[in-house]
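Each chain is listed here by its residues.
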Amino acid sequence: PDHRPTSGLPQLPPGFRFGTSTASYQIEGAATEDGKGPSIWDTFCSQPGRIQDGSSGAVACDHYHRYAEDIALMKQLGVGGYRLSVSWPRIQPNGSGPANAKGLAFYDRLIDELLANDIKPMVTLYHWDLPQALEDDGGWLNRATVDRFAEYAGILGEKLADRVEHWVPVNEPNVVMMMGYAIGMHAPGRELMFDAMPVAHHLLLAHGRATVALRAAGATSVGCANNHAPMWPASEDAADIGATKLFDALWNGMFSEPMLLGRYPVDLAPLFEGIVQDGDMATIRQPLDFYGVNYYNPFKIGAAGEEAEMPFEFRELLGYPVTDFGWPVVPDALREWLILLRARFRAALPPIYITESGCAYNMGPDENGVVDDQPRIDYLDAHLRAVATAVQRGVDVRGYYTWSLMDNFEWSEGFQQRFGLVHIDYETLKRTPKRSFAWFAEMVAAQTRSLG
Ligand code: PNW
């Protein structure tokens with residue numbers, strides 16, 4: 001069956017930026033090449049039982065060697081933007097000191113190749129691959145890591161600020177703190193629960209200090225990429241509503257409020273006593289040029305029992321289709337979140353970019369070599385409509401970067417979950433654009449044509 005026409009998609013504003021999004025450890029491979037040091041993800045993947053299929057990002061999509069082919073695909077896709085991340089241990093193998101020239105040269109080549117193809121880079125400094133040497137000194141629990149990060153940001157800014165359109169210091173600090181340090185599902189695998197609070201504060205300081213360092217080096221657009229999810233209470237019971245409010249503060253408020261308003265959510269302030277030092281909140285609250293939203297799905301939250309470790313728990317969100325990952329597909333919640341974000345922050349909210357939005361459907365090529373991923377087309381169509389509706393209601397959204405350009409290493413899931421517009425055969429590393437790729441290309445062309 002052919003994919004559905006794109007003609008019904010409402011017109012997005014002039015200059016609206018379409019792009020794809022990836023992250024270094026998930027696609028690059030070349031884990032020990034050209035002087036790269038080990039990251040916490042290299043270490044984590046070497047520990048038995050951490051990654052469901054026993055895999056690692058040691059080779060991944062081999063993008064480190066095949067970046068020109070991947071950029072050619074993006075050119076075919078017709079996107080004007082690409083969000084990528086830099087591997088910190090390629091630049092500073094031990095997390096401090098002078099830059100590793102070969103590592104820096106890779107990103108130099110990558111960015112020149114993008115620009116040669118009329119694709120503007122959005123560069124994330126930290127998408128989770130912390131140099132292992134810094135983790136050995138306490139990682140994000142150690143305030144000194146913030147100083148290291150500011151140095152690293154300065155190195156990248158000096159080298160690349162003349163050519164990078166947008167900068168994102170830290171990808172999804174809430175996921176780093178929760179998955180990496182509170183429950184241990186991600187590297188470095190710590191299970192500190194509420195003792196992970198210093199990690200949140202240090203990631204926020206890292207965001208602020210890197211923003212200053214990038215601007216000092218000439219960066220003109222610095223923002224963020226925060227993961228957000230509308231929180232829906234399991235019932236109208238006061239206990240469920242209270243639990244939902246608490247988790248909303250932890251997931252949605254704990255990073256956005258310090259960044260945009262210079263304070264922690266009121267309910268969380270006591271948790272940061274003894275962690276926040278004089279001047280910190282001003283350091284964190286830098287004026288931002290844009291606010292990046294990574295959106296996947298809403299969460300349904302209920303109160304947990306007396307003996308539970310946490311006062312809230314996740315309930316199954318019934319009544320929606322799910323992706324192959326089991327994540328509910330709720331495009332309306334993206335519109336809801338964009339409208340809520342503006343209501344919460346009003347004048348303090350800069351223009352928004354959707355810095356990630358996408359889904360895992362895991363089908364491969366059929367006997368004709370076609371990857372028919374109609375559910376992804378439906379997903380993207382519905383989520384772009386949700387964005388268009390929010391724009392019609394006055395929310396200033398400037399772009400949509402889909403997760404992801406190609407199938408890649410999906411963290412603790414390994415290679416089992418496929419988020420790409422391009423299929424990767426992990427035996428041969430052959431790239432096969434899926435039907436959704438053709439749909440996305442047509443959609444971008446139609447939107448751009450009518451924009452003139
Ligand atoms: C994001 N959650 O991760 C990351 O930025 C990507 O690297 C990743 O591949 C993508 O989304 C898909 O998972 C998330 O617990 C990890 O809600 C966890 C959550 C959300 C996003």
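Procedures and definitions
Residues numbered from 1 in each chain as written. Predicted model: local features only at pLDDT ≥ 70, side-chain atom pairs only at ≥ 80, totals over all residues. Heavy atoms only, no water. Helix = DSSP H or I, 4+ residues; strand = E, 2+ residues; numbered from the N terminus. Buried < 20%, exposed > 50% of the residue type's maximum accessible area, 1.4 Å probe, protein only. Contact = heavy atoms within 4.5 Å. Areas by Shrake-Rupley, 256 points an atom, 1.4 Å probe, with all protein chains shown as cover. Lys, Arg positive; Asp, Glu negative; His and termini not counted. Charge placed at Lys NZ, Arg CZ, Asp CG, Glu CD. Phe/Tyr/Trp six-rings, centres within 6.5 Å; stacked < 30°, edge-to-face > 60°. Pairing = 2+ DSSP bridges. Axes fitted to C-alpha atoms, helices over the stretch in contact; angles between N-to-C directions. Near = heavy atom within 4 Å. Polar contact = N/O pair within 3.5 Å; in protein donor to acceptor, adjacent residues only side chain to side chain. Nonpolar A, V, L, I, M, F, W, Y, C, P; charged D, E, K, R; others polar. Disulfide = S-S within 2.5 Å. Parallel < 35°, antiparallel > 145°, perpendicular 65-115°, else oblique. Left-handed = near helix turned anticlockwise from the far one by under 90°. Salt bridge = Lys/Arg side-chain N within 4 Å of Asp/Glu carboxyl O. pLDDT = per-residue confidence, 0-100. Core = buried A, V, L, I, M, F, W, Y, C linked by side-chain atoms within 4.5 Å.

> Just to check I follow, could you spell out the overall build of the chain for this structure?
Helix and strand counts for the chain stand at 14 helices and 13 strands. Expressed along its principal axes, the backbone C-alpha trace of the chain runs to roughly 60 × 55 × 45 Å. Sorting the 452 residues of the chain into buried and exposed places 60% on the buried side. Within the chain, contacts between residues separated by at least 24 positions form 77% of all contacts whose residues are at least 6 apart in sequence. As displayed, the chain has an accessible area near 16,800 Å², and 51% of this comes from carbon and sulfur atoms. For the chain, the separation between the mean place of its 37 positive charges and that of its 57 negative charges on side chains is 6 Å.

> Would you mind showing me how to read the packing of aromatic side chains here?
Centre-to-centre distance and the angle between the planes together describe a pair of aromatic rings. Scanning the entire structure with this criterion turns up 38 aromatic pairs. Measuring from centroid to centroid gives 5.9 Å for Trp140 and Phe149, while their planes differ by 70°, and the two rings are edge-to-face. Overall, Trp140 belongs to the buried group, its relative accessible area being 0%. Centre to centre, the rings of Phe409 and Phe415 are 5.4 Å apart; their planes meet at 70°, and the pair counts as edge-to-face. An aromatic cluster of three or more residues is present, and its members are Tyr25, Trp41, Phe44, Trp128, Phe409, Trp411, Phe415 and Tyr426.

> What should I look at first to understand the pairing of strand β7 (residues 291-295) in this one?
Within a regular beta strand, the side chains point alternately toward one face of the sheet and then the other, so they alternate between its two faces. Counting buried residues along β7, 5 of its 5 residues qualify, which places the element largely inside the surrounding structure. Taking every second residue as pointing to the same face, both faces of β7 are buried, with Tyr291, Val293 and Tyr295 on one and Gly292 and Asn294 on the other. Note that strand β5 (residues 225-228) and β7 share 4 bridges and pair parallel. By the bridge assignment for β7, His228 is matched with Tyr295. With 5 bridges joining them, β7 and strand β10 (residues 352-357) adopt parallel strand pairing. Residue pairing in the sheet places Tyr295 in a bridge with Ser357 of β10.

> What is the right way to read the sheet that holds strand β2 (residues 81-85) from this model?
Hydrogen bonds along the backbone pair up the strands of a sheet, which may run parallel or antiparallel. Strand order in this open sheet of 8 strands is β4-β3-β2-β1-β11-β10-β7-β5, and the pairing throughout is parallel. Both edges of this open sheet fall to β4 (166-170) and β5, since each of them pairs with a single strand only. Adjacent strand axes in the sheet meet at a mean angle of 25°, parallel and antiparallel pairs treated alike. One ladder, built from 3 bridges, connects β10 with strand β11 (residues 397-403); its direction is parallel.

> Would you take a moment to explain the site of the ligand for this structure?
Taken together, 16 residues lie around the ligand, and Gln26, His127, Glu356, Glu410 and Trp411 are the ones closest in. Interatomic distance of 3.2 Å between a side-chain N/O atom of Tyr296 and an oxygen atom of the ligand. Within the contact set of the ligand, an oxygen atom lies 2.9 Å away from a side-chain nitrogen or oxygen of Trp411. Looking at side-chain class alone, the shell around the ligand contains 9 nonpolar, 4 polar and 3 charged residues.

> Which parts of the structure should I look at to understand the state of the cysteines?
Disulfides are covalent bonds that link the sulfur atoms of two cysteine residues. Across all of its chains, the model carries 0 disulfides by this definition. Cys45 carries a free sulfur, and the closest cysteine sulfur to it, the one in Cys61, is 14 Å from it. With no disulfide of its own, Cys359 lies 17 Å from the sulfur of Cys61, the closest cysteine sulfur. Of the residues examined, Cys359 reaches a relative accessible area of 1% and is grouped as buried.

> Would you mind showing me how to read the packing of helix α3 (residues 63-77) against helix α5 (residues 101-116) here?
Packed helices, taken two at a time, are described by the angle their axes make and the gap between the axes. At a closest axis distance of 10 Å, the pairing of α3 and α5 adopts a crossing angle of 10°. By the angle class used here, α3 and α5 are roughly parallel. Considering only the axes of α3 and α5, their crossing is right-handed. Two secondary-structure elements touch here, α3 through His63, Tyr64, Tyr67, Ala68, Ile71 and Met74 and α5 through Lys102, Phe106, Arg109, Leu110, Glu113 and Leu114.

> Could you clarify how one ought to interpret the side chain of His207 in this entry?
Mapped onto the secondary structure, His207 falls in helix α9 (residues 197-216). When near neighbours in sequence (up to four residues on either side) are disregarded, His207 contacts Pro169, Val170, Gly223, Cys224, Met259, Ile284 and Leu288.

> Where do I start with the sheet that holds strand β6 (residues 231-233) in this structure?
Read across the sheet, 3 strands follow the order β6-β8-β9 without closing on themselves; strand pairing throughout is mixed. Edge positions in the open sheet fall to β6 and β9 (312-315), since each of these has one partner strand only. Across this sheet, the average inter-strand angle for adjacent strands is 45°, counted without regard to direction. One ladder, built from 4 bridges, connects strand β8 (residues 299-303) with β9; its direction is antiparallel. When the sheet's bridge partners are listed, Gly302 is paired in β9 with Glu313. Packed onto the sheet, helix α10 (residues 238-261) meets β6, β8 and β9 and runs at close to 130° relative to β8.

> Looking at this model, I keep getting lost on the pattern of salt bridges. Mind explaining?
When the charged atoms of two side chains lie near each other, side chains of opposite charge can form a pair. One pass over the structure, following the stated rule, counts 22 salt bridges. Note that Asp147 is salt-bridged to Arg209, the shortest N-O span being 3.0 Å. With a gap of 62 residues between them, Asp147 in helix α7 (residues 144-160) and Arg209 in helix α9 connect regions that are remote in the sequence. Judged by relative accessible area, which is 32%, Arg209 ranks as partly exposed. Here the salt bridges share partners, and the residues they tie into one network are Asp108, Asp112, Asp162 and Arg163.

> Just to check I follow, could you spell out the confidence of the model for the chain for this structure?
For the chain, the mean per-residue pLDDT works out to 97, and 98% of the residues sit at or above 70. Note on residues 1-5: pLDDT is under 50 here. Beyond four places in sequence and across chains, it has 12 contacts. Predicted complex metrics record ipTM = 0.94 and pTM = 0.97.

> Could you clarify how one ought to interpret the nonpolar core in this entry?
Generally speaking, a soluble globular protein has its nonpolar side chains buried in company with each other. Formed by 134 residues in total, the largest nonpolar core has its most connected members in Trp41, Tyr126, Trp140, Phe149, Trp167, Met254 and Phe440. Among the elements that take part in this core, α9 stands out by supplying 10 residues, more than any other.

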